[in-house]
Each structure stands twice: as C-alpha cells, then as structure tokens.
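Analysis of the macromolecular model
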Amino acid sequence: MKYGEKEIQEFDINAEKNFWPNEHEKNYTINIELPEFMCLCPRSGYPDFAIMKLSYVPDKKVIELKALKLYINSFMYRHISHENSANEIFDALYSRLKPKSMKLIADFNPRGNVHTIIEIDSDTF
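A few points on the structure. (Residues numbered from 1 in each chain as written. Predicted model: local features only at pLDDT ≥ 70, side-chain atom pairs only at ≥ 80, totals over all residues. Heavy atoms only, no water.)

Moving on, we get to the packing of aromatic side chains. Tallied over the full model, the rule gives six aromatic pairs. Centre to centre, the rings of F37 and F108 are 6.0 Å apart; their planes meet at 90°, and the pair counts as edge-to-face. Placement of F37 in strand β2 (residues 30–40) and of F108 in strand β5 (residues 101–108) is noted, with a sequence separation of 71 residues between them. Here the two residues F37 and F108 agree in accessibility, since each one is buried. Plain terms: the ring middles of F90 and Y94 are 5.4 Å apart, the flat faces sit at 10° to each other, and that makes the pair stacked. In this pair, F90 and Y94 are both assigned in helix α3 (residues 82–97), four residues apart and thus about one turn of the helix distant. (Phe/Tyr/Trp six-rings, centres within 6.5 Å; stacked < 30°, edge-to-face > 60°. Helix = DSSP H or I, 4+ residues; strand = E, 2+ residues; numbered from the N terminus. Buried < 20%, exposed > 50% of the residue type's maximum accessible area, 1.4 Å probe, protein only.)

Tracing the sequence through the fold places L65 in helix α2 (residues 65–73). For the pair L65 and M52, spaced 13 residues apart in the sequence, the C-alpha separation amounts to 14 Å.

Our focus in this paragraph is the pattern of salt bridges. Oppositely charged side chains may form a pair once their charged atoms are brought near each other. A full pass over the atoms with the stated rule returns seven salt bridges. The partner of K6 in a salt bridge is E10, with the nearest N and O atoms 3.6 Å apart. Note that E16 and K61 form a salt bridge whose closest N and O atoms lie 3.9 Å from each other. Of this pair, E16 sits in the loop between α1 (3–9) and β1 (19–21) while K61 sits in strand β4 (residues 61–63), placing them 45 residues apart in sequence. Counted as one network, the salt bridges with shared partners bring together E16, K61 and R96. (Salt bridge = Lys/Arg side-chain N within 4 Å of Asp/Glu carboxyl O.)

These results come straight from atomic positions and should not be treated as a statement about function.
Here it is, written out as structure tokens:
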C-alpha cells in the first residue's frame, strides 16, 4: 500500500489536530470547493463523482485543509448513497466545528440521465 492510501484509510476526522483555533472574532465566510469527491454506488458498485462545496462562518474552530482533503478522499472506497455521503460529511463537520452557520452542496455528476444536487444548510434547521 502506498503512503497516501495508508494515510487516507487510517484518517480519523475526529482527531483534535484536525481542528485549529479560529483567531478572529469577526464574522467571515470560508468557502471551500472539493471537485474530486468520489464514492461507490451502494447498489452497483459503480463510482459516483461530485463537486462538494462547503461554506461556513467559523466560531471557535476552523478545519485544517489537509484534514478535510483526507476526509473527503476517505469516501472513495465506500459504498454509500449520495444523500448519505452528503449528510455524513455535513454532520461530522458541523458537530466538530460548531460554526455560526454552515452549508454543504453536493453536486453529483449525472449518471443514467439523473443529476443529483443535495444542499444542507444549518440556517434552515
């Protein structure tokens, strides 16, 4: 196994080192685009690809960007639906960051003439 594969497979999003203190008190928005998301269809095993767009207003913590990359890449070996992957990512990040607000858009590439976009927004809770 290559070192990158090992790092992805052993990655734990909940490790404290993945979240840094936010050094700023003012409100500001962090926008992150992750254009190479991949997971496996739970029914067929075919790959599903998406662009993940994360936007959040931090409170006390921000996520370290390499940690976010490794977390997103950890889905490439998993059989998981579009809805479940988007919700799992949102829930994991929201529970650890406790941001003032957060939005995730999971824009999946069309497959079989179906284009799925999942939006989760903490402002709608």
